[in-house]
Structures are given as structure tokens and as C-alpha cells.
Amino acid sequence: MKKFGKTGQKVLKAVHLLMAGLWIGGAVGLNLMIILLGPATSGEELFGYNMSVILVDDLVIIPGAMGCLVTGLLISGLTPWGFFKHRWVAIKWLLTVFCIIFGIVVLGPTVNDQPQYSQEYGLQALNNPEYMANYFYSILGGIFQMLALSFMVIISVFKPWRKSVPAA
Ligand code: HEM
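Note that the coordinates shown come from a computational prediction; the quantities given were computed from them, not determined experimentally.

I'd love a proper account of the coordination of the iron atom of the ligand, names of residues and values included.
Six octahedrally arranged donors around a metal ideally form angles of 90 or 180 degrees; four tetrahedrally arranged donors ideally form angles of 109.5 degrees. The iron atom of the ligand binds to the protein through His 16 (NE2) and Lys 92 (NZ), with metal-donor distances spanning 1.9 to 2.0 Å. Coordination geometry of the iron atom of the ligand: the six donor atoms subtend angles of 84 to 176 degrees at the metal centre, consistent with an arrangement described as octahedral. Taken as a pair, His 16 in helix α1 (residues 6–36) and Lys 92 in helix α3 (residues 87–112) lie far apart in primary sequence, 76 residues in all.

Structural data, given as C-alpha cells:
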């Protein structure tokens, strides 16, 4: 397949970095919101907090994650970096796919289920074991996700275990 030229590669990398910034920025913002918003003084306020967390997830984190996946796919397929030529790129593939599946299966439900509880039970949701389990799992999972994303940024910059230097 025809590879991208130098300008194409730079444009692709710029979009990739914007998407990575979106994903990490969204993850940091979402975690801060979950931990620091509150204490809610009414059921409506709690419901509002829960809905704003979903907004950041749907409009910042998910587009950032999908953007990283698509630009990662284009960088691997259309530039000399390839898919599994370099161990650091292969690790990014594994971690990115893992983080996306983890986000869909584990993290998504922990934030998406919360408004149902706060709408139905109001402030009493804070005494509901399922609501609180979601709350703690979303914090634990969110911290894991931020560590994984930070690790990917670090290996992207240091590019360890590289076999050769492709024309960039
Ligand atoms: C499918 C997944 C991914 C693949 C295959 C991939 C691949 C690559 C490649 C090959 C580069 C070097 C591009 C160049 O210098 O021309 C790069 C750069 C970079 N990637 Fe990714 N990436 C992926 C996901 C991510 C994620 C999830 C993040 C962080 C959230 C990320 C952060 C970065 C950063 C910060 C750079 C710039 C490093 C530098 O050149 O100094 N990437 N990526």
C-alpha cells in the first residue's frame, strides 16, 4: 500500500496528539469531577453531577479514545512505523485496545448507571450499595486508565526497544 509522505505523516501525528490530549484530558477531568464534585445537598444536585460526568465521558473521552484508535491505525498502516515492527508500538496497540474494552465493559456502566439511582432515590442513592460500588470502581478504574495512558505517552516519547529509525 502507498505510504504517506512527510507532510502527511506530520498531519497524522498532529491529529494523533490532539486525540491523545482529548483522551487524557477527559480522563483527568472526569476523575476530578467524580472525586471532588459535592457533597451534593439535594437529589437534583446529585443527578446533575452524575449527568455531567456522562457528558464528559460521551463527548470528550470516547471521541478521544476512538480518535487515538483510528489515527493509530492510519499511522501503523500508512507510515513506516508499521503495526508490530517495534515493541513499543505493539505494546501501545495492546494497551489501547485493552483500555477501550475496559472502558466499554467496566468503566462505562459505572458512570452510566448512576443517574438512575440519583433520579429514583435522590440523596439516598449515597446509601445505596450499588451506587457506592459504582462510585468506587469508577475511581479505581479511572486511576488505572490514567496510569495506562501516561505510560503510553512515556513510551511514545522515549520509543524504547526500537529496531530502526524510520523516515519521519
Ligand atoms: C492504536 C494505538 C496507537 C498506535 C498504533 C500509536 C502509534 C504511534 C506512533 C507510531 C507514533 C510515532 C509517530 C511519529 O513520530 O511519526 C506515536 C506518537 C505518539 N503517540 Fe501514539 N499510538 C497509539 C495510541 C496512542 C495513545 C492511546 C496515546 C496516549 C494517550 C498516544 C500518544 C502518543 C504520543 C504522545 C506520541 C508522540 C511522541 C513523540 O513523537 O514524541 N498514542 N503513536
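Structure's up, so let's keep going.
Before we move on, could you go through the environment of Leu 46 and cite the residues and values that matter?
Tracing the backbone shows Leu 46 in helix α2 (residues 43–78). Sequence spacing of Leu 46 and Ala 125 is 79 residues, and the spatial spacing of their C-alpha atoms is 8.8 Å. Every residue in contact with Leu 46, bar those within four places of it in the chain, is listed here: Ala 40, Ser 118, Gly 122, Leu 123, Ala 125, Leu 126 and Tyr 131.

Break down the environment of Gly 29 for me, with residues and values.
With respect to the helices and strands, Gly 29 occurs in helix α1. With 79 residues separating them along the chain, Gly 29 and Gly 108 place their C-alpha atoms 15 Å apart.

What counts and how
Residues numbered from 1 in each chain as written. Predicted model: local features only at pLDDT ≥ 70, side-chain atom pairs only at ≥ 80, totals over all residues. Heavy atoms only, no water. Donors = N, O, S within 2.8 Å, 3.2 Å for Na, K, Ca; no water. Tetrahedral: all angles 85-135°; square planar, octahedral: opposite > 155°, others 65-115°. Helix = DSSP H or I, 4+ residues; strand = E, 2+ residues; numbered from the N terminus. Contact = heavy atoms within 4.5 Å.

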